[in-house]
Amino acid sequence: MTLLREHHHFQVSASPPHIYHCLPPPSNPRRATVNFNRAAVHSQPHLRRSEQRAPMACRVQYSIQNSLRLFSSPYPNFPTSLKLSQRTRFRDSKNYLLSKAAFYCSCRTTENTSDPFVLTTPLYYVNAPPHMGSAYTTIAADSIARFQRLLGKKVIFVTGTDEHGEKISTAAVENGSSPKEHCDSVSQAYKSLWTELNISYDKFIRTTDPNHEAIVKEFYAKVLANGDIYRADYEGLYCVNCEEYKDEKELLANNCCPIHLKPCLHRKEDNYFFALSKYQKRLEDILTENPDFVQPSFRLNEVQGWVKSGLRDFSISRASVEWGIPVPNDPKQTIYVWFDALLGYISALSEDEKQPNLETAISSGWPATLHLIGKDILRFHAVYWPAMLMSAGVSLPKKVFGHGFLTKDGLKMGKSLGNTLEPTDLVRRFGPDAVRYFFLREVEFGNDGDYSEERFVNIINANLANTIGNLLNRTLGLLRKNCQSAISVDSAIAAEGSAFKDTVEKQVEKSRQHYENLELSSACEAVLQIANAGNVYINEKAPWSLFKQGDSGFEAASKDLVIALEAMRIVAIALSPITPTLSLRIYSQLGFSEDQFNAVTWNDTRWGGLKQGDTMAQPMPVFAKIEVEAEVKNTSDVITKEPTKKKEKPKAEKKAVEA
């Protein structure tokens, strides 16, 4: 699509999110014009070759309203109330010389199902080993990735570590090591924990990787060429733990950071700044026209409040920090850790090439489908990051989801506060599936959540050991005793006219919808309801009594067992994004191989998977009930193991560890 209006040449790109490019008129290239993102248009790294050659082939479905808007002004989507940076200057009333910029378009396109589902966690800061807060984000991301794979999507799940900045060099000195040695050690600790938690990431990026550094420098050069970087002095209150200058109005008494509760330091530096204020209006428009860009909705309201209160340019270099990527045009300074780390989402997509570049990285999967982050870094991802991308002419991510905190004593868990809950401890005591299930089931995704060990043990025993594990074990036991572990009739035939089958199908559809909406707790609950209904069904049908009636009750009892086991097969698949190991055990008990389990898709949740003649495995508990050590009163140094009950809770455990 080419629009000619007042001697300006506009090209609309079809790749989502769309970018409006404004080129100077070919007939008079020296004339002062609105010149947006010319370099990005020439290279067009985000467009397929066919789209570069033939812009008229754009597959954009415009509404009449959007089409009219394009022609309503000489400059489509150009905000008339744009706040201009101090470097913007007007030559006359008709011709302008502005910095180039990308425009986010809210036009909807037909979704390309071949596009990968690119999911990212934050790149975790390596000033200290991983804690439960970072594990929570990654567990949630892994569950989303596994669900998307069940749907048949090509998933690129990105995680990694952020390894530059003042806190890193300080932590290294405290540990008696070099920054590189410190980063290597802590980054490996993250990888080890992800292995223990069964995290199925596809890309692990470290910001100390040479490929990442090359892409950061190229991106910086694009923003610099766009006129959005300038040098100036800055004086203010700086939180070392946040790696951010703070406004006095957001600080607590004694200039304490509201997150880390430590006084901010007064600093004055000669830095390079990014012209964030230039993108004020465009960010407002993006947030208004694309309400799903930031989720949950109450986080969107928070971001809109920040933007409407007025954006200020921010420093993107540090003169006093040596451990970082040197500023390309001034090696005496290093690039601000956030400007560096955010680009890890793109550099992670580059293959192991000798000469990585921004264009090839972007073509390998960008834009991201979902950035999954904690709410404390929402400003960086929903304000700074989009503006940076627009400046460089790069498409914006499709969604930023800011989840809540895991708290202890009412405070966010964090390494800086020293109140962390050790995930490795939990995994080794209770197993990865118990940890994954509890935090995703008990914390409504997006809100804050608390951890207490008593609650943890009670929930896991009730849901996984009793409801799910007991249903499978007792049903398989009856089948082995009465049917030699063989399925006597197809599950589809056994359930003809069964109301229980209808219940299962409804809960499966509910769980799918919840997964798609990132409502992970509700997805768990919907799957659990299948197992609850299965227990009720078996109790009501009482197949053990029917078997005692001999031939007259055998057929009905056999069908009842098949129906219950088919429900368990469906539970195994539907819960596999949350509890992959438990689901594999269930599937194996039902006579399937590990390869068969790894090949299942969401379509396999349809009723009818168990067939006549299938042989089940010998029944064994798939999830052992958790028992805790309780101190016996009046008996010195005697420890016994008892099932968890509130009245038997030891004194040491009565104080809930809230996470």
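Enquirer: A description of the overall build of the chain should follow, citing residues and the corresponding values.
Expert: Helices and strands together make up the secondary structure of the chain, namely 24 helices and 23 strands. Scored against the burial criterion, the 659 residues of the chain give a buried share of 56%. Long-range contacts, defined as pairs at least 24 residues apart, comprise 76% of the intrachain contacts of the chain with a sequence gap of at least 6. Element-wise, carbon and sulfur atoms account for 48% of the exposed surface of the chain, whose accessible area totals about 28700 Å².

Enquirer: So what's going on with the side chain of Gln304? Which residues, and what values?
Expert: Summarising the element assignment, Gln304 is placed in helix 9 (residues 297–308). The contacts of Gln304, once residues within four sequence positions are left out, are Leu287 and Thr288.

Enquirer: Could you give me a rundown of the nonpolar core, with the residues and numbers involved?
Expert: Among the nonpolar cores identified, the biggest contains 168 residues, and Phe219, Phe339, Ile346, Trp366, Phe439 and Phe456 are the most heavily contacted of them. Phe456 has contacts with Phe430, Ala434, Val435, Phe438, Tyr451 and Ile626, leaving out every residue within four places of it along the chain. Formed by six residues, the second largest nonpolar core is a distinct cluster that contains Leu237, Cys242, Leu251 and Cys257.

Enquirer: Mind laying out the sheet that holds strand 16 (residues 330–335), listing which residues take part and the relevant values?
Expert: The three strands are arranged 14-16-15 in an open sheet whose pairing can be described as antiparallel. Single-partner strands in this sheet number two, and they are strand 14 (317–318) and strand 15 (326–327). As defined by bridge partners, strand 15 adjoins strand 16 across two bridges and the pair is classed as antiparallel. Paired with Pro326 across the bridge in strand 16 is Thr334.

Enquirer: Before we move on, could you go through helix 4 (residues 132–150) and cite the residues and values that matter?
Expert: Here helix 4 is 19 residues long and its end C-alpha atoms lie 27 Å apart, about the 27 Å a rise of 1.5 Å per residue gives. The buried fraction of helix 4 is high, at 17 of 19 residues. Remark: Gly152 follows helix 4 within two positions and exhibits a positive phi of approximately 95°.

Enquirer: Just give me the short version of the packing of helix 16 (residues 453–483) against helix 21 (residues 551–574), but keep the residues and values in it.
Expert: At a minimum axis distance of 10 Å, the contact between helix 16 and helix 21 shows a crossing angle of 145°. Taken as a pair, helix 16 and helix 21 cross one another with a handedness that is left-handed. Along the contact surface, helix 16 presents Ile468, Leu471, Leu472, Thr475, Leu476, Leu478, Leu479, Asn482 and Cys483, while helix 21 presents Phe554, Ser558, Leu561, Ala564, Leu565, Met568 and Val571. Class assignment of the residues belonging to the contact of helix 16 with helix 21 gives a composition of 13 nonpolar, three polar and no charged.

Enquirer: So what's going on with the sheet that holds strand 13 (residues 314–315)? Which residues, and what values?
Expert: Taken together, the four strands give an open sheet; going across it, the order is 10-9-11-13, and neighbouring strands pair in antiparallel fashion. Taken across any chain shown, the strands that pair with only one partner, and hence form the sheet edges, are strand 10 (244–246) and strand 13. Note that strand 9 (residues 229–239) and strand 10 share three bridges and pair antiparallel. Looking at the pairing, Cys239 lines up with Glu244 of strand 10.

Enquirer: Outline the pattern of salt bridges, listing residues and values.
Expert: Any two side chains of opposite charge can pair, so long as their charged atoms come close to each other. Taken as a whole and assessed by the stated rule, the structure comprises 21 salt bridges. In this structure, the salt-bridge partner of Asp142 is Arg146, at a minimum N-O distance of 2.7 Å. With Asp142 and Arg146 both in helix 4 and four residues apart, the pair spans about one turn of that helix. Given a relative accessible area of 0%, Asp142 falls into the buried group. A cluster of three or more residues bridged by salt bridges with shared partners is formed by Glu163, Lys180, Asp184 and Arg206.

The rules we used
- Residues numbered from 1 in each chain as written.
- Predicted model: local features only at pLDDT ≥ 70, side-chain atom pairs only at ≥ 80, totals over all residues.
- Heavy atoms only, no water.
- Helix = DSSP H or I, 4+ residues; strand = E, 2+ residues; numbered from the N terminus.
- Buried < 20%, exposed > 50% of the residue type's maximum accessible area, 1.4 Å probe, protein only.
- Contact = heavy atoms within 4.5 Å.
- Areas by Shrake-Rupley, 256 points an atom, 1.4 Å probe, with all protein chains shown as cover.
- Core = buried A, V, L, I, M, F, W, Y, C linked by side-chain atoms within 4.5 Å.
- Pairing = 2+ DSSP bridges.
- Expected span 1.5 Å × (residues − 1).
- Axes fitted to C-alpha atoms, helices over the stretch in contact; angles between N-to-C directions.
- Left-handed = near helix turned anticlockwise from the far one by under 90°.
- Nonpolar A, V, L, I, M, F, W, Y, C, P; charged D, E, K, R; others polar.
- Salt bridge = Lys/Arg side-chain N within 4 Å of Asp/Glu carboxyl O.

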